[in-house]
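Structural overview
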Amino acid sequence: QRRRARQLETRNEALAWEANHDALTSLPNRRVFDETLGMWASGGVPFALATLDIDHFKNVNDTCSHQVGDEVLARVAQTIAGAVRDRDLAARYGGEEFVLLIADADAASASVVCERIRTSIARLLWDVPVPNGQVTVSIGLTVWDGEASTEVLLARSDAALYAAKGGGRNRTVVG
C-alpha cells in the first residue's frame, strides 16, 4: 500500500509539472505566468514585465524546418531561463513569444537584464542552419507603476515590443 501511495504521489507530481510547464521549452506556461502576474500586481512589490519575441521566426520554420524551429525555441528558452534569478519568472507565452517578470526592478535594472538576454541570444552559435547564422529577439519592457491593471501592463509591454520590431528588431524598448 505504501509503494502504491508513493507511485500515485510521484505520478501526481509529474502531472502537476506537466500542467504548469511548456513541453518543448520546460519553461512555466502561460497559465503560471497569468497567475503570477496577478499575484505580483496585487502584492504591491515593484516589478518589470518584458515580452520577448524571436525575430523572423516564421522564416526559420519556413526555410529551415519545424524541427530547427523547435531547437531555436528550446535554446532561446534555455538562455532566457539562465539569465534570470530564482525569484523572477521566465515563461513561454505562446508561439515564439516569451515573457519575463523581474522582481524588485525599475526600468534601468530591468533593461540591464533584458539587454543581457538579448545579446546572449544574438551571440549563440548554432549547430543547425538558421537564416543568416543568427537568431535575435526584440523585447518590449514596462515597469509596474503600482496602479496599472494586468491588462494595461500587458498592453504597454506589447506596444513596446512592436516599437522594438518597428525600430529595426534585435533591441529592447521601454514603454
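Look up a bit, the structure's there.
Notes on the structure in this doc start here.

**Observations concerning the layout of surface pockets**
In this structure, the largest pocket occupies an estimated 170 Å³ of space. Along the walls of the largest pocket sit Asp55, His56, Asn59, Val60, Pro131, Asn132, Gln134, Val135, Thr136, Gly168, Arg169 and Asn170, which together make up its complete lining. Classifying every residue of the lining of the largest pocket gives three nonpolar, seven polar and two charged.

**So, the packing of aromatic side chains**
On inspection of all chains with the given rule, the structure shows three aromatic pairs. With 5.6 Å between their ring centres and 90° between their planes, Phe33 and Tyr93 make a pair best called edge-to-face. One end of the pair, Phe33, is in helix α2 (residues 30-43); the other, Tyr93, is in strand β2 (residues 89-94), with 60 residues separating them in the sequence. Taken individually, Phe33 and Tyr93 each receive the classification buried, so the pair is uniform in this respect. When the centroid spacing of 5.5 Å and the interplanar angle of 70° are considered together, the rings of Trp40 and Phe47 count as edge-to-face.

**Overview of the pairing of β2**
β2 sits mainly inside the fold: five of its six residues count as buried. Counting the residues in the hairpin turn of β2 and strand β3 (residues 97-103) gives two residues, including Gly95, whose phi is positive at 55°.

**Details of the pattern of salt bridges**
Evaluation of the coordinates by the stated rule reveals nine salt bridges. For Asp104, the salt bridge is made with Arg87, and the minimal N-O distance between the two is 3.1 Å. In this pair, Asp104 sits in the loop between β3 and α5 (107-122) while Arg87 sits in the loop between α4 (66-82) and β2, placing the two residues 17 residues apart along the sequence. Taking the relative accessible area as the measure of exposure, Asp104 reaches 42% and is therefore partly exposed. Residue Arg156 is joined to Asp145 by a salt bridge in which the shortest nitrogen-to-oxygen separation is 3.6 Å.

**Some details on the environment of Leu124**
When you line up the elements, Leu124 lands in the loop between α5 and β4 (137-143). Given a relative accessible area of 14%, Leu124 falls into the buried group. C-alpha separation for the pair Leu124 and Thr51, spaced 73 residues apart in sequence, amounts to 20 Å. Sequence-distant contacts of Leu124, defined by excluding residues within four places in its chain, comprise Arg75 and Thr79.

**Here's the deal with helix α6 (residues 150-166)**
End to end, α6 covers 24 Å across 17 residues, agreeing with the expected 24 Å (1.5 Å per residue, within 8%). Turning to α6, its buried residues are Leu153, Ser157, Ala160, Leu161, Ala164 and Lys165. Buried residues along α6 cover an arc of 145° about the axis, so they all sit on one side. For α6, exposure combined with an orientation more than 90 degrees from the buried face picks out Glu151, Tyr162 and Gly166. Taken together, the buried residues of α6 touch α2, β1 (47-54), β3, β4 and β5 (172-174). Following α6 by one or two positions, Gly168 has its phi on the positive side, about 120°.

Thresholds applied
- Residues numbered from 1 in each chain as written.
- Predicted model: local features only at pLDDT ≥ 70, side-chain atom pairs only at ≥ 80, totals over all residues.
- Heavy atoms only, no water.
- 1 Å grid on protein atoms, 1.4 Å probe; cavity = no way out; pocket = protein on both sides within 12 Å on 5 of 7 lines; lining within 4 Å.
- Points joined across faces, edges and corners; volume = space filled by probe spheres on them.
- Nonpolar A, V, L, I, M, F, W, Y, C, P; charged D, E, K, R; others polar.
- Phe/Tyr/Trp six-rings, centres within 6.5 Å; stacked < 30°, edge-to-face > 60°.
- Helix = DSSP H or I, 4+ residues; strand = E, 2+ residues; numbered from the N terminus.
- Buried < 20%, exposed > 50% of the residue type's maximum accessible area, 1.4 Å probe, protein only.
- Pairing = 2+ DSSP bridges.
- Salt bridge = Lys/Arg side-chain N within 4 Å of Asp/Glu carboxyl O.
- Contact = heavy atoms within 4.5 Å.
- Expected span 1.5 Å × (residues − 1).
- Arc of directions from axis to C-beta.

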